[in-house]
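# Architecture at a glance
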Amino acid sequence: MNTMTYTTQHIWTWWIALYLFFGGLGAATLTITFLTDMYCRPHRKLVLWGALSGVVLLGISSAVLFGHLLHHAAVIYVLNPLVFILKPDSWIAWGTQFILWMMVWGMLYALPYMRETPLFMRIPVVRGILQWPLVNWLSACCMKRRRIVGWLASINGIGTAVYTGLLIQSFPAVALWHNPGVPLLFTVSAFSTAFAYLLLLLNIFITDENDQDIRHRYERMDLILIATELVILFSFFNYTLSGSESGYRSAQLLWGDWGWLIGFIGFGLLVPFMIELKGVTRGWRGRFPTVAAAVLVLMGGYLLRHYFMYAGVYAYPW
Amino acid sequence: MTRYAMVIDLNTCVGCNACMAACAMENQTPVWKGAWRTYVHEKEIGVAEQVRRRFFPRLCNHCDNPPCLTVCPTGATYQRADGIVLIDPDRCMGCRACAMACPYDARYEVTYNDIRVGKEFYGELQRTSPSMDKCSFCAHRVDKGQKPACVETCVGSARQFGDLDNPSDPVAQLVASGVAQPLMPHLGTRPNVYYIDDMKRKG
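Residues numbered from 1 in each chain as written. Chains lettered and ligands numbered in written order. Predicted model: local features only at pLDDT ≥ 70, side-chain atom pairs only at ≥ 80, totals over all residues. Heavy atoms only, no water.

## Here we look at the overall build of chain B
Looking only at helices and strands, chain B features seven helices and 10 strands. Taking 203 residues into account, the globule formula puts the C-alpha radius of gyration at 17 Å, and chain B, at 17 Å, falls close to it. Overall size of chain B, expressed as C-alpha extent along the three principal axes, is 45 × 40 × 30 Å. Taken over 203 residues, chain B has a buried fraction of 57%. In chain B, the share of contacts with a sequence separation of at least 24, taken over all contacts with a separation of at least 6, comes to 63%. Approximately 9000 Å² of chain B is accessible, and the part contributed by carbon and sulfur atoms is 50%. (Helix = DSSP H or I, 4+ residues; strand = E, 2+ residues; numbered from the N terminus. Rg over C-alpha atoms; globule rule 2.2 N^0.38 Å. Buried < 20%, exposed > 50% of the residue type's maximum accessible area, 1.4 Å probe, protein only. Contact = heavy atoms within 4.5 Å. Areas by Shrake-Rupley, 256 points an atom, 1.4 Å probe, with all protein chains shown as cover.)

Printed below as a string of structure tokens:
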């Protein structure tokens, strides 16, 4: 045993946790709003809030990664769509393209709604752009092929959410990361945080009483996703307890840390689960409990990624 | 075909660190911040009168199935037909995914600041772009028929470099005999650096 060295890493830390969190949250937010608009009922405000904030979240995610690159000019190689031919085996290449095209299709889906919204037509530069003949034509095309654009955006959104897990899974030396549960966990978490974020929007900024059915639906979905996340985390707990020293040490780091146990599992999952369970079964009189639960789910979403990055253990034979 | 490999005999490594110095001078690594292409770990094993010091040289394992190559999004990490894994610094954007994927801790950062300091430290610096860096098996020397700098300088002949596809090469014979073993073969990386275990000082 004493010929081995076990260590955590200090290369991908909080900033990658932010990249994964904002990337998953932004992509899932766009996907949920577009699917709601396509299959639940057309909802201009929700699409505009979801699409624009989703694009901003994806932008923040990309900026965090870009800011930490060693050689910024070389990013051009990964922005090139032909990267799929050159590096089809790299998940960062896929993820960058997913994020890029998610933003493009997301903006195109929201474009017709933007042109219908007086606020955008009152902003001088934006109004000018929205009145360009090319933008007019694009808007008409997107209106005509709404579902195709919506599905292209959604596929890229789902791809981005899954990618955040696949990226971490591609590091073979760390048992906590290199297993099929990670993409599943990160995808479920991305959609759970997105539902929480949209519940925040629907309780603070889009306070239309007619949206009560959407709020209930989102709350139910979030409840199911939190329950799924708890099951996946329990299986992670079991998986890391035996099988490899790397995994066992990760288990000791995670399950012996109050931030993970109380902060993430407790306040990030269990407390919002209880609040949302009461909301779904009996309902709340005010909006505060739902808003509080949503904030806690969002906090938990970041904590999951933060602790995951810090708890990965490498086993070196020296 | 040629397939380069290195065998390191832990019984004869005396921990003089000459390999580290030779490599640093040959490849202009940012030693001022403790970053080396090859590094000799020291560890005390055992207790009381039984305590022994073990030296463990490590470097890029030039894997046949390198995870650092798979995760590289720009194609900056590539593999030659002879198995040597190299980096194109101009193409590397420095996302560090390769460092995360490497089970042998072989990668380190070269920043803009390192290039500035390197120019003062080494006088003239070959590198112009920041990137993730690692051992290249001294490919520039190997191409000229020379051995890697660390092998050339090793006083105890602990490091041997050769061609696995040449049955008469001593390195190929050591590997074929099973005396020399790769590190962590269960990870599926198929490494091309092999170690002869330290029998006396083994923990």
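## Some remarks on the pattern of salt bridges
When charged atoms on two side chains of opposite charge get close, those side chains can pair. Throughout the structure, instances matching the rule amount to 20 salt bridges over all chains. For glutamate 109 of chain B, the salt bridge goes to arginine 96 of chain B, with nearest N and O atoms at 2.6 Å. Of this pair, glutamate 109 of chain B sits in strand 6 (residues 108-110) while arginine 96 of chain B sits in the loop between strand 5 (85-87) and helix 3 (97-101), and the two are 13 residues apart along the sequence. Judged by its relative accessible area of 27%, glutamate 109 of chain B falls in the partly exposed class. Of the residues examined, arginine 96 of chain B reaches a relative accessible area of 9% and is grouped as buried. Residues glutamate 152 of chain B and arginine 141 of chain B are paired through a salt bridge, measuring 3.5 Å at the closest nitrogen-oxygen approach. Linking glutamate 152 of chain B in helix 6 (residues 149-153) with arginine 141 of chain B in helix 5 (residues 139-142), this pair joins segments that are 11 residues apart in sequence. Salt bridges linked by common partners bring Arg41, Asp211 and Asp213 of chain A together as one network. (Salt bridge = Lys/Arg side-chain N within 4 Å of Asp/Glu carboxyl O.)

## So, the state of the cysteines
In a disulfide, the sulfur atoms of two cysteines are held together by a covalent bond. Residue and element names in this part refer to chain B. All told, the structure shown has zero disulfides over all chains when counted by the stated rule. Cysteine cysteine 135 shares no disulfide, and the gap to the nearest cysteine sulfur, in cysteine 60, comes to 5.6 Å. Since its relative accessible area comes to 9%, cysteine 135 is described here as buried. (Disulfide = S-S within 2.5 Å.)

## Focus on the sheet that holds strand 8 (residues 159-163) of chain B
Residue and element names in this part refer to chain B. Taken together, four strands build an open sheet; the order of strands is 8-1-10-9 and the sheet is mixed. Here the strands that pair on one side only, and so sit at the sheet edges, are strand 8 and strand 9 (180-182). The average angle at which neighbouring strand axes cross in this sheet is 30°, direction not considered. The pairing of strand 9 with strand 10 (residues 193-196) spans three bridges and is classified as antiparallel. Opposite alanine 180, over in strand 10, you have isoleucine 196 as the bridge partner. (Pairing = 2+ DSSP bridges. Axes fitted to C-alpha atoms, helices over the stretch in contact; angles between N-to-C directions.)

## Focus: the interface of chain B and chain A
Taken together, the contact pairs 43 residues of chain B with 35 residues of chain A. Summed over both partners, the interface of chain B with chain A buries about 3200 Å², with 66% contributed by carbon and sulfur atoms. Area buried by chain B at its contact with chain A is led by Met93, Arg96 and Met100 of chain B, which between them contribute 24% of it. Taken together, the connections running from chain B to chain A amount to zero salt bridges. For the pair chain B and chain A, the interface holds 14 residue pairs in polar contact (both at pLDDT 80 or more). (Buried area = accessible area lost by both parts, 1.4 Å probe. Polar contact = N/O pair within 3.5 Å; in protein donor to acceptor, adjacent residues only side chain to side chain.)

## Structural notes on the pairing of strand 1 (residues 4-9) of chain B
Residue and element names in this part refer to chain B. Strand 1 sits mainly inside the fold: six of its six residues count as buried. Side chains Tyr4, Met6 and Ile8 of strand 1 all project onto a buried face; the interleaved residues Ala5, Val7 and Asp9 project onto the opposite face, where all are buried too. Sheet analysis places strand 1 next to strand 8, joined by five bridges and oriented antiparallel. Across the sheet, methionine 6 pairs through a bridge with phenylalanine 161, a residue of strand 8. Examined bridge by bridge, strand 1 and strand 10 share four bridges and lie parallel to one another. Within strand 10, the position partnered with aspartate 9 by the bridge is isoleucine 196.

## Points about the environment of histidine 216 of chain A
By secondary structure assignment, the location of histidine 216 of chain A is in helix 11 (residues 212-241). In this structure histidine 216 of chain A comes out as partly exposed when scored by relative accessible area, which is 32%.

## Quick notes on unusual backbone geometry
With glycine set apart, most residues show a phi of negative sign, and most peptide bonds adopt trans. Residue and element names in this part refer to chain B. The backbone of serine 157 sits at a positive phi, close to 50°, despite the residue not being glycine. Residue placement: serine 157 occurs in the loop between helix 6 and strand 8. Even without being glycine, methionine 184 reaches a positive phi, approximately 45°. When you line up the elements, methionine 184 lands in the loop between strand 9 and strand 10. Here methionine 184 falls in the buried class, since its relative accessible area comes to 11%.

## So, the side chain of threonine 164 of chain A
Residue and element names in this part refer to chain A. Among the structural elements, threonine 164 can be located in helix 9 (residues 146-169). Looking at threonine 164, the relative accessible area reads 2%, which means it is buried. Apart from the residues lying within four places of it in its own chain, the contact partners of threonine 164 are Leu20, Gly24 and Phe186.

## Digging into a nonpolar patch on the surface
Residue and element names in this part refer to chain A. On the surface, a nonpolar cluster with roughly 440 Å² of combined accessible area is contributed by Trp258, Ile262, Phe267 and Met299. If you tally residues by element for the nonpolar patch, the top one is helix 13 (residues 258-281), at three residues. By secondary structure assignment, the location of tryptophan 258 is in helix 13. (Patch = residues over 30% accessible without salt bridge, like charges linked within 9 Å, V, L, I, M, F, W, Y side chains within 5 Å.)

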